[in-house]
Structures are given as C-alpha cells and as structure tokens.
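# Observations on the three-dimensional arrangement
Letter by letter, the chains look like this.
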Amino acid sequence: INRIGVFTSGGDAPGMNACIRAVVRTALYNDLKVTGILQGYQGMISNQFIDMNSRSVSNIIQLGGTILKTARCADFRTPEGRKLAYENIKAEGIDALVGIGGDGTFTGIEVFSREFDIPVIGIPGTIDNDLYGSDFTLGFDTACNTVIEAIDKIRDTAASHDRLFFVEVMGRDSGCIALNSGIAGGAEAILMPETGTAIDDLIGQLEKAADGKKTSTIVIIAEGEMNGGAYNVAKRVKSKFDFYDTKVTILGHLQRGGAPSSFDRVLASRLGFAAVNLLLAGKSRRVVGLRGNKISDINIEESINNKAFKLADDMIELSNVLAI
Ligand code: F6P
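Worth saying up front: this structure is predicted, and the values here are computed from it rather than measured.

### As for the overall build of the protein chain
- Check the secondary structure of the protein chain and you find 11 helices and 11 strands.
- A compact globule built from 324 residues would reach a C-alpha radius of gyration of about 20 Å, and the protein chain, at 22 Å, matches this within 12%.
- Counting over 324 residues, the protein chain shows a buried share of 53%.
- Per element, the accessible surface of the protein chain, about 14000 Å² overall, is 50% carbon and sulfur.
- Treating the 34 positive side-chain charges of the protein chain as one cloud and the 39 negative ones as another, the clouds have centres 4 Å apart.

Next up, the structure:
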C-alpha cells in the first residue's frame, strides 16, 4: 500500500483526535502517505479529502471531537453510494482505509471491503463501550469522568435539599456508562437495559434507603433502559413513593465532549499505531482492540456479529452492596 485514508464516523468520541494523530504519524514514519477523509462516508461520496502531514495533527491530542468531522451517512448504505465512494477514493490514490467509530462504521467498511477488495481496519471509537473485541472503546473513560463530575455536583444540591435525583446518561443500548459512573459516583440505584429493573423493585430499594436514614438519593438511568427514560421513571416512582422531592437531570450531549482522559489518549495512540501496523503486515478486515491490557485484533465480522456484554457480575453486585 501507498496511501492510507483515515476517517471518523458515527457519534464523535473524545480520543478520536489522538487516534487520528497516531494513524497519521505511524503511517508517515513508515513512508506511507495519508489522506484525511472529512465527514466519514459522506466525505468519500462528496469528495472531501485533505492531504495530511505530521503538522496537520499537531496540538490535537488534547482535543475532544474530531478534526475530520463525522456524520451518519444514508447514501453509503446503497450500492450506488458505495460505488461512487470507491471511484472517488481510488482517484485520490487511497488504497487502504482506517475507520474510527462504532458498529455502523464497522458495518460500512466490512461491506465496502467485500465489494471492492480494499484493505480496511476498524478502530473502536464510541462513548458507549458497546463493541465486541475491545474491553474499552475510545471516549468511554472520558465520558464516565464527565458523568461523575456531574453526579458530584448534583449530590451537593441533592444533599442540601434532601432530594431524590434521577440522572439520565447516554449509552444507547448499553448500560456501561451507567454502571461505571454509578459505581464511581456512589449512586443509590442504577437502571440498565441489560439487567432491567421493575419500578416496584426500585421503589423497594428507595424505601430501604429512606429507612436507613438516607436523606438524599441519586438514581442513574441508562438512556436505553426499558422504563421510558428518566422523566417517566421519576413520574412513576413519585406516584407511589413521595418521600422525597424529586428532580430529573438529563446529561445529554455534554457527555460526548471534552478533553480526552489520559486513559483515552494512550488507548487512542496504541490503537492507531496498531491499525497501521496491521495494514503494513498485509492484514485487512480486522478490528483492533484492548483485551486484558494487550492490544489485539479480531476479524471484523466477529466484532459486528457478536453482542458485547461488558457488565461484569461483580460490578453489578458491588453497585447494590455499596448502595446500602
Ligand atoms: O453512540 C454515541 C451516542 O452518544 C449514544 O450514546 C446516543 O444514543 C447517540 O450517540 C446520540 O446520537 P446523536 O448525537 O446522533 O443524537
């Protein structure tokens, strides 16, 4: 290969810039050329390419978001869209792709490499931590840090007013952000899609907390949880248990921004480096990841076809034990 195309796609995640930097510099170090593709798959279709050099990625390791921009692109789901994308990237001289993103990104490069025989490597980048093949995805650690900073602040006011707060966090269908930040923020209860919680059970937990002389309480609700979101849960709890004054906070997109943590910067650098090295070794259709603190890679189909279940039993138990 001669020129790598690098892009970010799907929801942005802190650490994507650090990863772009690692891809660009590892490639240049090995005498490869690099093109940055703007707005993910959309940029391939609409010819948005920039030549990258070592200075293009200076002073970005600390930045949230993605300098290459990102998009969710419907056109790339059609054979005509992908054909146009292929013609455009070939005209640019790009002969291998590194895509940073989530399952949609991986599905895109999987189909693309089958149709057009171009080497591709996927790097897991999403705050949701919902991808198979890596213990952690880029941005997850930073998002959890953002959430616990918010929980700490909410706890100040919850305690001062003796209130019950329902805090809704992101994660799509995954409860990883909820569980991790719930434990780290000392939440009294955590509602996650994977475990499910009946409202009556939650009320039981809250009654116990009140009996145990807790005067304020924080409940973390994962957005993918089945009871219809934090406002619904709050309403249903309040209709049966109005011991507390209740409030709802939806953290929303602030969880996606901010400077990446040390963990995410190092992970991003390791994964970007590994992705280019795989291409140099003649590999394709792989997803890189961190497993047991070792960088490894798996087949892209294996990553797409397996559901990541990352809620460790001991952590679920721990979150209940420590909430008494
Ligand atoms: O996948 C990352 C994520 O932030 C999810 O947690 C959330 O459900 C979704 O993206 C929100 O997507 P959008 O930014 O398109 O509203």
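More follows now that the structure is in view.
### Regarding the packing of helix α5 (residues 140-161) against helix α6 (residues 176-184)
- Relative to each other, α5 and α6 sit at 50 degrees, their axes nearing to 9 Å. When the axis of α5 is compared with that of α6, the two are oblique. In this structure, α5 meets α6 at a crossing whose hand is right-handed. Only Cys176, Ile177, Asn180, Ser181 and Ala184 of α6 make contact with α5, whose side of the interface consists of Phe140, Ala143, Cys144, Val147, Ile148 and Ile151.

### With respect to the site of the ligand
- Around the ligand, the structure places Arg72, Thr126, Ile127, Asp128, Met170, Gly171, Arg172, Glu223, His253 and Arg256.
- Here an oxygen atom of the ligand sits 2.5 Å away from a polar atom, N or O, in the side chain of Glu223.
- Arg256 places a polar side-chain atom, nitrogen or oxygen, 2.7 Å from an oxygen atom of the ligand.
- Tallied by class, the residues present in the shell around the ligand amount to two nonpolar, three polar and five charged.

### Some remarks on the side chain of Arg285
- As for its position among the elements, Arg285 is in the loop between α9 (262-280) and β10 (286-291).
- Given the relative accessible area of 17%, Arg285 is considered buried.
- Of note is the side chain of Arg285, whose polar atom sits 2.7 Å from the side chain of Ser113.
- One polar contact links Arg285 to Glu301, side chain to side chain, over a distance of 2.9 Å.
- If we skip the residues at most four places from it in the chain, Arg285 touches Glu110, Ser113, Arg114, Val120, Ile298, Asn299, Ile300 and Glu301.

### Overview of the UniProt feature "binding site: ADP" (unreviewed entry) in the protein chain
- As annotated by UniProt and renumbered to match this structure, "binding site: ADP" (unreviewed entry) occupies Arg21, Ala22, Val23, Val24, Arg25, Arg155, Gly186, Ala187, Glu188, Lys214, Thr215 and Ser216. With the annotated positions falling across 196 residues, the maximum pairwise C-alpha distance of 53.4 Å shows that they are not confined to a single cluster.
- Tracing the sequence through the fold places Arg21 in helix α1 (residues 16-29).
- Within the element layout of this structure, Ser216 appears in the loop between α7 (199-211) and β8 (217-222).
- Setting aside anything within four residues of it in sequence, one finds Ser216 in contact with Ala158, Ala159, Asp162, Arg163, Glu188 and Tyr244.

### Structural notes on the UniProt feature "domain: Phosphofructokinase" (unreviewed entry) in the protein chain
- The residues that UniProt annotates with the feature "domain: Phosphofructokinase" (unreviewed entry) are residues 3-279.
- Taken end to end, residues 3-279 is 43% helix and 17% strand, and its two terminal C-alpha atoms sit 11 Å from one another.

### With respect to the nonpolar core
- Grouped together as the largest cluster of nonpolar side chains are 59 residues, with contacts concentrated most on Ile123 and Ile220.
- Residues in contact with Ile220, not counting those within four places in the same chain, are Ile151, Val167, Val169, Ala178, Gly182, Ala187, Ala189, Ile190 and Leu191.
- Ranked by size, the runner-up nonpolar core spans 22 residues in total, among them Ile37, Ile45, Phe76 and Phe116.

### Concerning the sheet that holds strand β5 (residues 120-124)
- Taken in spatial order, the seven strands make up an open sheet running β3-β2-β1-β4-β5-β10-β11, and their pairing is mixed. Edge positions in the sheet fall to β3 (49-52) and β11 (294-299), since each has one partner strand and no second. On average, each strand axis in the sheet is tilted by 25 degrees relative to the strand beside it, whichever way the strands run.
- Here five bridges tie strand β4 (residues 96-101) to β5, and the two strands are oriented parallel to one another. From the neighbouring strand, Val98 faces β5, where its bridge partner is Ile121.

Conventions we followed
- Residues numbered from 1 in each chain as written.
- Predicted model: local features only at pLDDT ≥ 70, side-chain atom pairs only at ≥ 80, totals over all residues.
- Heavy atoms only, no water.
- Helix = DSSP H or I, 4+ residues; strand = E, 2+ residues; numbered from the N terminus.
- Rg over C-alpha atoms; globule rule 2.2 N^0.38 Å.
- Buried < 20%, exposed > 50% of the residue type's maximum accessible area, 1.4 Å probe, protein only.
- Areas by Shrake-Rupley, 256 points an atom, 1.4 Å probe, with all protein chains shown as cover.
- Lys, Arg positive; Asp, Glu negative; His and termini not counted.
- Charge placed at Lys NZ, Arg CZ, Asp CG, Glu CD.
- Axes fitted to C-alpha atoms, helices over the stretch in contact; angles between N-to-C directions.
- Parallel < 35°, antiparallel > 145°, perpendicular 65-115°, else oblique.
- Left-handed = near helix turned anticlockwise from the far one by under 90°.
- Contact = heavy atoms within 4.5 Å.
- Near = heavy atom within 4 Å.
- Polar contact = N/O pair within 3.5 Å; in protein donor to acceptor, adjacent residues only side chain to side chain.
- Nonpolar A, V, L, I, M, F, W, Y, C, P; charged D, E, K, R; others polar.
- UniProt positions renumbered as here; feature names shortened; annotations may be inferred.
- Core = buried A, V, L, I, M, F, W, Y, C linked by side-chain atoms within 4.5 Å.
- Pairing = 2+ DSSP bridges.

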